[in-house]
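# Examining the three-dimensional arrangement
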Amino acid sequence: MAEVKLINVSKIYEGKNEAVKDINITVKDKEFLVLVGPSGCGKSTTLRMVAGLEEISSGEIYIDNKLVNNISPKDRDIAMVFQNYALYPHMTVFDNMSFGLRLRKFEKADIKKRVTEAAKILELESLLNRKPKALSGGQRQRVALGRAIVRNPKVFLFDEPLSNLDAKLRVQMRTEISKLHQRLGATIIYVTHDQTEAMTMGDRIVIMKDGIVNQIETPLNLYNSPSNVFVAGFIGSPAMNFIDGRIVNNTDIYFKSNKGDLDFVLSKGQKEKLKDYIGKEITIGVRPENILLESVDSNSISAEVVLEVIEPMGNEIFLYFELDETSFTSRVKAQENLMPGKKVQIYLEGDKIYFFDKENEANICMKN
């Protein structure tokens, strides 16, 4: 397998539409790297440039330390799995999986061996003589995976491969692909718009927006230390809650929300980080699981709210309400004494609050 490097890579279409803007990404050997972001963020364009299906406008792409800017897709030693499977309907599973090998004039014995081994890994052995129309969506996707595996490429590229599957199959195929990565020790670049896929599958995640890389980190570090408001709001379900206000110094240093529904004194560590923001507007963020219905310690910050919507989720409940004329979501353990219209006291965990610069939206507490 191989390392992949993108150095100052940009893609500009006609009309000066810059889809990808000067990005730098290194995919380590045997790493599972996920590109994630909203539609139009440039993630699929980036993947297609690595594959050679899109010509780059500037920058350099290396695969296994070899500059591939001017090398055709078939000579880059990559295999790509598409969203729509791209199977030949008139061919059997065996013929679909072996098609690329036959084009490259592999020996029949070698083809049979590779297809049989891939079919065993993907539990397709009993389906080799069927045609795609006789397969389920999950089976078709496994055939597409098998076609990539038999190539034994240096790099696997996945372009939203699970988006056509139903929810249950997506969960199953996430597990299948993760197991496959562990078994093959493959270098994988995986594109998705689904942050749950990204969090559960990737060794590291690249968060993109408007053609720009916002942050590259492990799933846990992304969740706990988002670099800016966009990353904080994109990663996590339900999404992080945000509220605007300012840092005030009046006998003590505290945060005061714009409408006055949430005021609290900063902790010693927060005061140190926010000392340059006294008198300035900032945005704070708090995740739904850090808004509780009872105080856990002396750092808890309380506020009274009126519940608007309640969503039972089995062992937990999502509570929706307004705070400072801003929509908020809380995620708490299931209980039966809650109903819309009820006034409740909520408690924000003070040491789990994020602070963001109002102008550039950067995470203030990540600054040195």
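Residues numbered from 1 in each chain as written. Predicted model: local features only at pLDDT ≥ 70, side-chain atom pairs only at ≥ 80, totals over all residues. Heavy atoms only, no water.

## Section: the pairing of strand β12 (residues 253-257)
Within β12, 4 of the 5 residues are buried, which leaves it mostly tucked inside the rest of the structure. Note that strand β11 (residues 241-249) and β12 share 5 bridges and pair antiparallel. Bridging from a neighbouring strand, V248 pairs with Y254 of β12. Between β12 and the antiparallel strand that follows it, strand β13 (residues 263-265), lie 5 residues; G260 among them carries a positive phi value of about 85°. (Buried < 20%, exposed > 50% of the residue type's maximum accessible area, 1.4 Å probe, protein only. Helix = DSSP H or I, 4+ residues; strand = E, 2+ residues; numbered from the N terminus. Pairing = 2+ DSSP bridges.)

## Points about the side chain of T92
Mapped onto the elements of the fold, T92 is located in the loop between β6 (78-81) and α2 (93-103). T92 sits in the buried class, given a relative accessible area of 17%. Separated by 3.1 Å, the side chain of T92 and the backbone nitrogen of D95 make a polar contact. Ignoring anything within four residues of it in the chain, the contact list for T92 reads L128, N129, R130 and K131. (Polar contact = N/O pair within 3.5 Å; in protein donor to acceptor, adjacent residues only side chain to side chain. Contact = heavy atoms within 4.5 Å.)

## Looking at the packing of helix α4 (residues 137-149) against helix α5 (residues 167-184)
Across the interface, α4 lies against α5 with an axial gap of 11 Å and an inter-helix angle of 20°. When the axes of α4 and α5 are compared, the pair comes out roughly parallel. Crossing of α4 over α5 shows right-handed handedness. Contact residues: α4 offers G138, Q141, R142, L145 and I149, while α5 offers L169, Q172, M173, E176, I177, L180 and L184. (Axes fitted to C-alpha atoms, helices over the stretch in contact; angles between N-to-C directions. Parallel < 35°, antiparallel > 145°, perpendicular 65-115°, else oblique. Left-handed = near helix turned anticlockwise from the far one by under 90°.)

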